[in-house]
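Overview (structure and organization)
Take a look at the letters that make up each chain.
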Amino acid sequence: MAKKRGRGMASVNYPTGMNLGGDPSQALVHATTTGSFIVTLSSVDLGQGLKTVMAQICAETLGVSTDNVIIDTADTDTGPHCMGTFASRGTHRIGNAIIMAAKEAKSVMLEVAAEELEVDSGDLETDGKGNIQVKGSPQKSISVLNTALAAHFKHGKMISGRGIFLQPRSYPEPETGKMTPATCYAHACTVAEVEVDTETGEVTVLALKSAYEVGRALNPRMVEQQIIGGAWMGLSHALYETTEPYYPDRSHGPVDFNQYLMPGPGDLPRFENVIIERPAPDGPFGAKGVGEMTANSPIPAIANAIFDAVGVRVDSLPITPEKVLRGIQALNG
Amino acid sequence: MTKVAVQFTLNGQEQSEFIEGGSTLLAALRGKLGLYSTKAGCHQGTCGACTVIIDGEPRLSCLTLAERCTGKEVTTLEGLTSNGALHPLQQAFMEGFAAQCGFCTPGMILAAKTLLDRNPSPSRDDVIDAISGNICRCTGYEPIISAVLTAAEQLRGKKKNA
Amino acid sequence: MEYRKEYFSDARREDLTEVGVTRQRSDVLGHVTGKTQYYADRTFPGLLHLKMVRSPHHHARIKSIDISKALKVPGVVRILSAKDVPQNIYTILCLIQVEPNDEPVLAFDKVRYKGEQIAAVLAESEQAALAGVAKVKVAYEELPAVFDVEEALKPGAPLVNEYHGRNWFTYEGHHCRRVRFGNVEEGFAEADHVIEEMYQSSPIEHAPTETTGCIVVPDQNERYACYSNTQALYFTLDNSALILNSPFHKLRLIGGTVGGGFGGKVDVITEPIAFLSAMLTRRPVKYEYTREEEMQVSSPRAAERIYIKDGVTKDGRILARKVRLYVDAGAYSRHSPYGTTKAAAHMPGPYTIPHVWVDCHCVYTNRTPSSAMRGFGVTIGDFALEVQMDKLARLVGMDPMEFRILNAYRDGDMKAHRKEVQGAALVECVKAAADLAHWPIGERYKAMSSEKREA
Amino acid sequence: MTATLLAAKQPRAVPGLQAKGGTVIAGGTLAVAGLNYGDKIGNPLIIVDGLGLDRIEVKGKKATLGALVTMASIARDRRLKFLHPVANSIGGPAVRAMATIGGNLFAPAPYGDMAVALVALDAEVALHDGKAARKLPLETFLAQRKKLARAFVTGVSFALPEARDFRYTKIIRRKPVSASVVTIAALLPRKAGKIKSARIALGAMAPHAVRARKAELALEGKALDKMSIEAAAKVVAEGTAPADDAYATAWYRREIAPVHLKRLLGEAA
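Residues numbered from 1 in each chain as written. Chains lettered and ligands numbered in written order. Predicted model: local features only at pLDDT ≥ 70, side-chain atom pairs only at ≥ 80, totals over all residues. Heavy atoms only, no water.

**A few points about the overall build of chain C**
Counting its secondary structure elements, chain C contains 13 helices and 18 strands. Sorting the 455 residues of chain C into buried and exposed places 67% on the buried side. Long-range pairs, those at least 24 residues apart, make up 79% of the contacts in chain C between residues at least 6 apart in sequence. Carbon and sulfur atoms provide 51% of the accessible area of chain C, an area that totals close to 15200 Å². Looking at chain C, you have 58 positive and 59 negative side-chain charges, and the mean spots of the two groups are 4 Å apart. (Helix = DSSP H or I, 4+ residues; strand = E, 2+ residues; numbered from the N terminus. Buried < 20%, exposed > 50% of the residue type's maximum accessible area, 1.4 Å probe, protein only. Contact = heavy atoms within 4.5 Å. Areas by Shrake-Rupley, 256 points an atom, 1.4 Å probe, with all protein chains shown as cover. Lys, Arg positive; Asp, Glu negative; His and termini not counted. Charge placed at Lys NZ, Arg CZ, Asp CG, Glu CD.)

Laid out in structure tokens, this is it:
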């Protein structure tokens, strides 16, 4: 039995948001009578955790606890427009819209608090624990709850805000392709370690070791979810997946999860990851979109590792055992 | 439409229902009993999202005729929480960030439960085998495997202390 | 997961309390107790089930559709065909001014891929709807089909989509999306080595564990609520209203909790026909893909064929890169014209290359229309680029990490699409990955940075 | 549209019900999936749960398994330890808890791994044609299974091998369980160091499990050594008719069958 090991690497970048922009999203923020904040959206959580991160962004902007923010999505009768959840745009576009809405709501809240405390609203700050206080003299404070009650029942003011984020549309120049596809890019580099069975062409991915530059990891464990799930998908694309195994021939297309091959829980490599943060000037607290990118660098890294192990280049996806074996046989003449 | 009677224990409660002849347990649970934790991902027996426990064994409710459940004990994810207290598996899935879209989670947890009920000290390979019929497209499985191992550890600790 | 905070340390705010820290997912309790409500976790009295009559052919003329026997199947309530659809021809990206409308909601004169929708059978149960589907008789005259992107571009290839009149999408008068930067021929002439390689992928399925679907429910006031797992509510609402010729305010989309998307749920396929069915029957209607439909009929990630020709100096500088990229759009546009432009914008990868020439073709063939998927327009391009980079590094005898660092784009460089680089971080990622994998790189490369180009 | 379930009271009643268009539901893993997709499945659905066909009997050196014995119950039975790897290679635990021996005999390639093991074991199939109960060698049954679809399989029986004489491997793409690229089961009884009546069965190398007779001949009377293994591997794919499918091509299956036979027998040597 002959097994050969190899390693390969690949580095990539990925644009945040819809290519060429023109993809707005909106948010409404308002306080309840008792100082909870509701963010109303028509944005979709596919499982990546949008609802959680949007609550964090709103809380950070307002200076309240994340637990105090409720995300109400997604109903077109109540939620303002959102272009949708795709193109790694959710955190960036909707996050920015929420920051804008929350800032407006916060300024109303501070105005009310200022009247209650008889100070200038510019001298106020939130303490993140449910209070609004005078900068430098925290003993002079009012709770967010009492501020909200006062706004509703005493001042007749609505603590609310509207937000939208739009990266204006860019139109490519037809001749040269001059365009602005995106304003910020995330980055990744993956090292793949593989073992190749030279008699059968089977590839085992032993490890995927990656560095990801994400702007700012707003919720580190959830970024890690994207990274590991994405790296797994990359491995899956590299070695397994296709709806047309004999493309461009249409035959033998899989119709179930037995035939549609993806790595199972027994095919997992060791995942090791590090995070780098270079905040994007236009990202919410510097964040860039990373959901899509995480699947990309493992694919060529694995292909390059296979070459390193057995000297076979498979330049077509997926890299099946058959393609590898044919390559090995061709090398051996 | 021919209706037929079925009687079984569902999450500890006697259940008798008239269902359409030939319908699956999955259809009965979701359509008739309003228990939506059991998910329909393929109706082919290839995704595991509809996994339930019948008489201690994991079963695919999409391939199980409801009428054949007569006299049997059926557990769905709704049956795991007792008086609002989470099962250690549920706790471990939460704390281990082992769910993303959540669609495979009920089936995963039930598949894992049948393992832990039988084998309190599973190896990593035992866990891998237990969830091998359940497809997850989001997590890459790794956090799920860790969560099941963590839950097993906690369950063993509980037993020791009891 | 470890942070490498030594990079860009001065750019990082340290005063944040709610972001930058892990918080438990707000939806996870629902997930682990099975209480999270997905679109299908609802029961409506009188719900009708929709099943689709689909083309068994890759390319055929429809001679006749006979629904008479199907209407007699017990439980079948109504069968819709193209003539029932107010604006049957649409294209989803008309919302961002992509033209022309090129796809029928229900096929009538021709089918252009195997699995294409022809007639919607509405019935009291799924089984009845399936039995109805089996009884719809469609007579076809098979036509020659084309499955290969380069074959499809040749003169005399079977014409896939008459709305385009040719087998490619036209970009402002050009047969492809192009990028021209510098002069590649000059670059090749200056290079020590020139290589050209071809890369190929095949279609890939999103495979969310929850299949695509929706339930449309009429309310008492002539409005229609659609519970959907779409990734984009307004995209779906607006396209549906256009197809139905309906005032926008009559339609309502409810969703937001989805069992995995990955780009597979941005097409607008199930909702318009479910809306129409609910309008015509005044009953709730569910249209959900089976797993088989999800895998073979719903849009996959496009197959791509990519030719990359590079000129490189013996000390490892890439001087010129020429890319010809073919996106297999399948029979209809869907999101492919957009994805093809995104692919062009992505070239030549995160590297600074003085001479770049890119032609990205969006090509129509007789297969399931492709559409968006995680990494749309980029994932397959990255595979090709990065395998090519490995080949180039080996060709000039350089370490592949060092070769990437040397060519990596830096702040202030000009990209091929004539946008100045800002916020680059590729060099740092490569260095950090090398470190993580104990992959030695030279001091000269360790000293390099994305923030400035070394002398 | 709805289906009617009918519980058969006697095995002999089943073929008659099938002749009237009924379908036997054993584990349901194949039939109910078809039902869900609107396949024309015969009605009524014949349920055979009450016939005592879920029993495993071991008497002396002989095992008899009812048609409704599941993969999970085989995998739990200590007397059938040598079959555990076979049962555990089929589906995930939920499928194993449902899938039956009887169903496995009808599973089309690349499914039907238990049948591969049973062919190597020279199992006999017990069936009832409505008039009489009879027995057929499994190999004969598989070759005629389309014709025999109306007969009701009640169980299988086989002689228990010495554990060390039985070998099994299943090559898969997705781990730990997936459909077969190639499955090999081998029974290699040895006497005085020489192989006596070798049986090698292959899965996914034909529409149903088949024997690799040339490979068996190459081993017959030989010591299990490098030379005999090489000789057997060389001819193992001869006469097979594997298919191209979503998992692999026929070419690939033929190419790796010898490699895996070598590895399987090498372990045993």
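**Digging into the overall build of chain A**
Of the regular secondary structure elements, chain A holds 6 helices and 11 strands. Whereas a compact globule of 333 residues would reach a radius of gyration of roughly 20 Å, chain A reaches 25 Å, over 25% beyond that. Considering only C-alpha atoms, chain A reaches an extent of 90 × 45 × 40 Å along its principal axes. A total of 333 residues make up chain A; the buried ones form 69% of that total. Of all intrachain contacts in chain A linking residues separated by at least 6 positions in sequence, the fraction that spans at least 24 positions is 74%. In chain A, the 27 positive side-chain charges and the 37 negative ones have mean positions that sit 4 Å from each other. (Rg over C-alpha atoms; globule rule 2.2 N^0.38 Å.)

**Here's the deal with the interface of chain D and chain A**
Taken together, the 21 residues of chain D in the interface contact 26 residues of chain A. In total, about 2100 Å² of surface goes out of reach between chain D and chain A, with carbon and sulfur atoms giving 53% of it. Per-residue buried area on chain D facing chain A is highest for Arg173, Trp251 and Arg263 of chain D; these three make up 32% of the total on that side. The interface formed by chain D and chain A includes 2 salt bridges. The salt bridge partner of Asp197 of chain A is Arg263 of chain D, with a shortest N-O separation of 2.7 Å. (Buried area = accessible area lost by both parts, 1.4 Å probe. Salt bridge = Lys/Arg side-chain N within 4 Å of Asp/Glu carboxyl O.)

**Some remarks on helix H2 (residues 88–95) of chain B**
Owing to its 3.6 residues per turn, the α-helix brings residues three or four apart onto one side. Burial of H2 of chain B is extensive: 6 of the 8 residues sit out of reach of the surface. The complete set of buried residues in H2 of chain B reads Pro88, Leu89, Gln90, Ala92, Phe93 and Met94 of chain B. Of the surrounding elements, those touching the buried residues of H2 of chain B are helix H3 (105–118) and helix H5 (142–161) of chain B together with helix H1 (28–33) of chain C. Two residues or fewer past H2 of chain B, Phe97 of chain B is found with a positive phi of approximately 50°.

**Observations regarding the sheet that holds strand E4 (residues 56–59) of chain D**
Adjacent strands of a sheet pair through backbone hydrogen bonds, lying either parallel or antiparallel. Residues and elements named next belong to chain D. A sheet is described by the order of its strands in space; here 5 strands give the open sequence E4-E5-E8-E6-E7, paired in antiparallel fashion. Whereas interior strands pair on both sides, the edge strands pair on one side only; in this sheet they are E4 and strand E7 (133–137). Direction aside, the axes of adjacent strands within the sheet are offset by 20° on average. Both strand E6 (residues 124–128) and E7 contribute to a ladder of 5 bridges, which runs antiparallel. (Pairing = 2+ DSSP bridges. Axes fitted to C-alpha atoms, helices over the stretch in contact; angles between N-to-C directions.)

**Some details on the domain arrangement of chain C**
All names here are of chain C. For chain C, the assigned domains read domain 1 (40–143 + 206–297) and domain 2 (177–203 + 300–398). Distance between the C-alpha centres of domain 1 and domain 2: 36 Å. If you look at the interface, domain 1 gives 23 residues, while domain 2 gives 19 residues. Around 1700 Å² of area is buried between domain 1 and domain 2 when both sides are counted, 56% of it from carbon and sulfur atoms. It is Leu93, Tyr113 and His206 in domain 1 that bury the most area against domain 2; as a group they hold 28% of the surface buried on that side. Between the two partners, domain 1 and domain 2, sit 2 salt bridges. Ionic pairing is found between Arg334 and Glu103, a salt bridge with its closest N-O pair at 2.6 Å. When the residues that make up the side of domain 1 that touches domain 2 are grouped by side-chain class, the tally is 10 nonpolar, 7 polar and 6 charged. (Domains from an automatic or database assignment. Nonpolar A, V, L, I, M, F, W, Y, C, P; charged D, E, K, R; others polar.)

**Focus: the sheet that holds strand E4 (residues 57–60) of chain B**
Residues and elements named next belong to chain B. The strand order E2-E1-E5-E3-E4 describes an open sheet built from 5 strands, whose pairing is mixed. Single-partner strands in this sheet number two, and they are strand E2 (13–20) and E4. Neighbour to neighbour, the strand axes of the sheet diverge by 45° on average, direction disregarded. In this sheet, E4 lies alongside strand E3 (residues 51–54) in antiparallel orientation, the contact comprising 4 bridges. Within the sheet, the bridge partner assigned to Ile54 lies in E4 and is Glu57. With respect to the sheet, helix H1 (residues 25–32) is in contact with strand E1 (3–10), E2, E3 and strand E5 (73–75), its orientation differing from that of E2 by roughly 100°. Packed onto the sheet, H3 meets E3, E4 and E5 and runs at close to 35° relative to E3.

**Focus: the confidence of the model for chain C**
A residue-level look at chain C finds 100% of positions with pLDDT of 70 or above and a mean pLDDT of 97. We note a pTM of 0.98 for the whole complex and an ipTM of 0.98 for its interfaces. (pLDDT = per-residue confidence, 0-100.)

**Quick word on empty space enclosed by the protein**
Gaps left between atoms show up when a probe the size of a water molecule is rolled over them. Here the structure, examined in full by the defined rule, presents 12 cavities of 30 Å³ or more. In terms of lining residues, the largest cavity is bounded by 50 residues, among which Gln48, Ser88, Gln226, Gly291 and Glu292 of chain A are the most central. Top element by residues in the lining of the largest cavity is helix H4 (residues 220–239) of chain A. It accounts for 6 residues. Within this model, the second largest cavity holds a volume of roughly 160 Å³. Lining the second largest cavity are 23 residues, with Ala345, His346, Gly349, Lys415 and His417 of chain C sitting closest to its centre. Contributing elements (two or more residues each) for the lining of the second largest cavity: strand E1 (3–15) of chain A together with helix H9 (336–346) of chain C. Looking at the lining of the second largest cavity element by element, the count peaks at 3 residues for H9 of chain C. Here the lining of the second largest cavity is built from residues that sort into 14 nonpolar, 6 polar and 3 charged. (1 Å grid on protein atoms, 1.4 Å probe; cavity = no way out; pocket = protein on both sides within 12 Å on 5 of 7 lines; lining within 4 Å. Points joined across faces, edges and corners; volume = space filled by probe spheres on them.)

**Here's the deal with the pairing of E2 of chain B**
Residues and elements named next belong to chain B. In this structure, E1 lies alongside E2, joined through 8 bridges in antiparallel fashion. Residue pairing for E2: Val6 is matched across the bridge by Glu17. Between E1 and E2, which follow one another and run antiparallel, lie 2 residues, and Asn11 among them has a positive phi close to 50°.

**Details of the side chain of Gln18 of chain D**
Residue and element names in this part refer to chain D. Of note, Gln18 is situated in helix H1 (residues 14–19). A distance of 3.3 Å separates a polar atom in the side chain of Gln18 from the backbone oxygen of Ala149. For Gln18, the residues in contact, after removing those within four places along its chain, are Val24, Ile46, Ala149, Arg150, Ala151 and Phe152. (Polar contact = N/O pair within 3.5 Å; in protein donor to acceptor, adjacent residues only side chain to side chain.)

**Describing the interface of chain A and chain C**
Contacts between chain A and chain C engage 120 residues on the former and 123 residues on the latter. Interface area for chain A against chain C, summed over the two sides, is near 10300 Å², with a carbon-plus-sulfur share of 57%. The largest share of the area that chain A buries against chain C comes from Tyr247, Arg250 and Arg278 of chain A, three residues that together contribute 8% of it. Between the two partners, chain A and chain C, sit 11 salt bridges. Of the charged contacts in the structure, one is a salt bridge between Arg252 of chain C and Asp77 of chain A, with a shortest N-O distance of 3.2 Å. Seen at the junction of chain A and chain C, the total is 69 residue pairs in polar contact (both at pLDDT 80 or more). Secondary structure elements with two or more residues in the side of chain A that touches chain C: E1, helix H1 (50–62), strand E9 (185–197), strand E10 (203–213), H4, strand E11 (270–276) and helix H5 (298–310) of chain A. Among the elements that take part in the side of chain A that touches chain C, H4 of chain A stands out by supplying 11 residues, more than any other. Classifying every residue of the side of chain A that touches chain C gives 55 nonpolar, 39 polar and 26 charged. With 2 bridges joining them, E11 of chain A and strand E1 (residues 2–3) of chain C adopt parallel strand pairing. In the sheet register, Ile275 of chain A faces E1 of chain C, and the bridge partner there is Tyr3 of chain C.

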